[in-house]
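A structural walkthrough
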Amino acid sequence: MDRVIIIGTGVFGLSAADHILQRWPNIELSIISRPSPLAPSEDISKIVRIDYNNPKRMEEALGAQREWNSTSFSKFQNEIGRVVIYEDDDLATLEKINNAREEHGLPRRQTGDGTLMQKHFGTGMAPESLTCVFASDDSIVDWETCMADARERAKKACTESSGTFYESGVATIVKDGAHITALQLENGEMIEARGAQVVLAVGPWLAQVLAASDITLPPNGRTPVATGLFSYAVQLDDEQAESLRNKPMVSHNGKGRFFFTDSFTGSFRDGVTETQDPIIARHPEFQNLVCAAGGSFNRAKDLPTIGGVVADVLGGRPVSDRYGWEPKTRDSHHDHPHLVGRGDFATMEKEAQAQQGAQDSAADHLSLAVI
Ligand SMILES: Cc1cc2nc3c(=O)[nH]c(=O)nc-3n(C[C@H](O)[C@H](O)[C@H](O)COP(=O)(O)OP(=O)(O)OC[C@H]3O[C@@H](n4cnc5c(N)ncnc54)[C@H](O)[C@@H]3O)c2cc1C
């Protein structure tokens, strides 16, 4: 393998760039970058956690956490911990998490009630019916800075490897028989791709790019469905900011009611698969096309590691069946059971924007979940 072209500079594309160069230092690497404000990797902060109810997913998260703690990534993270709030009907998830922790030789999470919030935040307002857990090893990542750093590294890598960092999007992928032969960019430029391995890491846009190029999509359930989360920005005054400094994060793992207020800032999407595991696999009809997408709201933490799987696929090494084009088992970790692709998100977002400012316009059909 002499040449690789990566399309997309989100978590999957940038992690792939790092790992491909580590594995093949003499390769010519080119990257096609066209960030979007809707992309999940454009957020300002991300959580790194290990608590998953599926032992295999927990193992991957443990591997990622080790990297965040011990490599050059560590300067971007702050281990402030997280209070996780569970509703009664979600306690089965906590039990599964504790079972997975035991499988990995980790202690069970101690459960508490609202007094845990009192301890950390000095407020006793949390309803008593809630179960609270303090995950002291969860960290928050200064994500914008971390991603800017990764993009700079990728740009430099392209130059140093005699490749090119293109600042445009791919309009269509051109094919001939079983090969991708060229990439037509949105700015009209045509890139020769004959003899190169192409990594398509365009997140929730995977189906769109493949369809525009008349290329077969992954099977049902494996094509990442663009699914969105609404985001809110809260302006704190100095006193409020000081009272929250270095306090743990808080997540509420349950359904919520959304109120569209002035703090509504828009939405981010992610590509969600049926199993909530990404697809990192060679396209079965093309010898030089690898698809890597489907973060399913939980793969930012894998920035230091997930590119290793892309490199494995490129190098012909076996990878977990869960990442496959058509996995033999569809055993989902269902980490975000409420967050599945449904409806037309663009319409929901328009509705949300139209309702912005209305104090009591809750939308019950939307749900809130922990990332
Ligand atoms: C609101 C939110 C919060 C989250 N929080 C967490 C968290 O705390 N912890 C965690 O672990 N995970 C979290 N996630 C999940 C995580 O952010 C995603 O799984 C991950 O960012 C997915 O990365 P990606 O590379 O697949 O996708 P993307 O970020 O979408 O990257 C794909 C890139 O390709 C570009 N692109 C699209 N089309 C083209 C084209 N035609 N040509 C060229 N480029 C193109 C896009 O603009 C984008 O830049 C969160 C997700 C969301 C939405």
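Preceding this paragraph is the structure being described.
Residues numbered from 1 in each chain as written. Predicted model: local features only at pLDDT ≥ 70, side-chain atom pairs only at ≥ 80, totals over all residues.

Here we come to the packing of helix H1 (residues 11-23) against helix H8 (residues 307-314). Where H1 contacts H8, the axes come no closer than 7 Å and their chain directions differ by 55°. Overall, the two elements H1 and H8 adopt an arrangement that is oblique. Here the hand of the crossing between H1 and H8 comes out right-handed. On H8, the residues touching Ser15, Ala16, Ala17, Asp18, His19, Ile20 and Arg23 of H1 are Gly307, Gly308, Val310, Ala311 and Leu314. Taken together, the residues that form the contact of H1 with H8 break down as six nonpolar, four polar and two charged. (Axes fitted to C-alpha atoms, helices over the stretch in contact; angles between N-to-C directions. Helix = DSSP H or I, 4+ residues; strand = E, 2+ residues; numbered from the N terminus. Parallel < 35°, antiparallel > 145°, perpendicular 65-115°, else oblique. Left-handed = near helix turned anticlockwise from the far one by under 90°. Contact = placed C-beta atoms within 7 Å. Nonpolar A, V, L, I, M, F, W, Y, C, P; charged D, E, K, R; others polar.)

Remark on secondary structure: sheet strands pair via backbone hydrogen bonds, oriented parallel or antiparallel. Pairing within the open sheet is mixed, and its six strands lie in the order E9-E2-E1-E13-E19-E18. One side of each edge strand has no neighbouring strand; the edge strands of this open sheet are strand E9 (165-166) and strand E18 (279-282). Across four bridges, E18 lies against strand E19 (residues 289-293) in antiparallel orientation. Paired with Arg282 across the strands is Val290, a residue of E19. Packed onto the sheet, H1 meets strand E1 (3-7), strand E2 (28-32), strand E13 (197-200) and E19 and runs at close to 175° relative to E2. Most of the contacts of helix H5 (residues 143-160) go to E2, to which it runs at about 135°, and overall it touches E2 and E9. (Pairing = 2+ DSSP bridges.)

This brings us to the site of the ligand. The environment of the ligand is made up of 37 residues, and the closest members are Gly8, Gly10, Ser41, Gly203 and Gly295. Going through the elements one at a time, H1, strand E3 (45-48), strand E14 (225-232) and strand E17 (264-272) are the ones with two or more residues in the shell around the ligand. Here the shell around the ligand gets three residues from one element, more than from any other, and that element is H1. Per-class residue counts for the shell around the ligand are 20 nonpolar, 11 polar and six charged. (Near = placed C-beta within 6 Å.)

Another aspect to go through is unusual backbone geometry. Of note, Gln276 is a non-glycine position whose phi angle comes to about 65°, a positive value. Position of Gln276 relative to the elements: it lies in the loop between E17 and E18. Residue class for Gln276 comes out buried when judged on the 23 C-beta atoms lying within 10 Å of it. The phi dihedral of Ser296 falls on the positive side, at around 50°, and the residue is not glycine. For Ser296, a count of 26 C-beta atoms within 10 Å puts it in the buried group. (Buried ≥ 20, exposed ≤ 12 C-beta atoms within 10 Å, placed from the backbone.)

Below, the discussion takes up the sheet that holds E3. Ordered by their spatial adjacency, three strands build an open sheet running E3-E8-E4, and the pairing between neighbours is antiparallel. A single partner strand is all that each edge strand has here, and the edge strands are E3 and strand E4 (77-78). In terms of strand pairing, E4 meets strand E8 (residues 139-142) through two bridges, oriented antiparallel. Bridging across to E8, Gln77 finds its partner in Val141. Against the sheet, H5 touches E3 and E8, its axis set at about 55° to E8.

The element H8 is largely enclosed, with a buried count of seven among its eight residues. Of the positions making up H8, those classed as buried are Gly307, Gly308, Val309, Val310, Ala311, Val313 and Leu314. One or two positions beyond H8, positive phi appears at Gly316, with a value near 75°.

This part covers the nonpolar core. Counting residues in hydrophobic clusters, the biggest one holds 64 residues, and the most contacted among them are Ile7, Val199, Leu200, Ala201, Ala292 and Val310. Residues contacting Val310, with those up to four places away along its chain left out, are Ala16, His19, Val199, Ile280, Val290 and Ala292. In terms of nonpolar packing, the next biggest core, distinct from the first, is built from eight residues, Val83, Ile85, Tyr86 and Val133 among them. (Core = buried A, V, L, I, M, F, W, Y, C linked by C-beta atoms within 7 Å.)

Glancing now at helix H2 (residues 55-70). Counted at 1.5 Å a residue, the expected span for H2 with its 16 residues is 22 Å, and the 22 Å between its end C-alpha atoms agrees. Along H2, the residues classified as buried are Arg57, Met58, Glu60, Ala61, Ala64, Gln65 and Trp68. Seen from one end, H2 has its buried residues packed into an arc of 160°, which puts them on one side. Each element contacted by the buried residues of H2 is listed here: E3, E4, helix H3 (91-103) and E8. (Expected span 1.5 Å × (residues − 1). Arc of directions from axis to C-beta.)

A word on the environment of Glu59. Looking at where Glu59 falls in the secondary structure, it is placed in helix H2. For Glu59, a count of 15 C-beta atoms within 10 Å gives the class partly exposed. Linking Glu59 and Ala100, residues 41 residues apart in sequence, is a C-alpha distance of 9.1 Å.

On to the pairing of E2, then. Across the five residues that make up E2, a large majority, four, are buried. When E1 meets E2, the two strands line up parallel, connected through five bridges. Residue pairing in the sheet places Val4 in a bridge with Leu29 of E2. Handedness of the crossover joining E1 and E2 through H1 is recorded here as right-handed. (Right-handed = clockwise from strand over helix to strand, strands pointing away.)

A few words now on the packing of H1 against H5. It is the contact of H1 with H5, at a shortest axis distance of 10 Å, that shows an interaxial angle of 45°. For the element pair H1 / H5, the angle class is oblique. As for how H1 packs across H5, the hand of that crossing is left-handed. Contact residues: Leu14, Ala17 and Leu21 in H1; Ala150, Arg151, Ala154 and Ala157 in H5. Each residue belonging to the contact of H1 with H5 can be placed in one class, and the counts come to six nonpolar, no polar and one charged.

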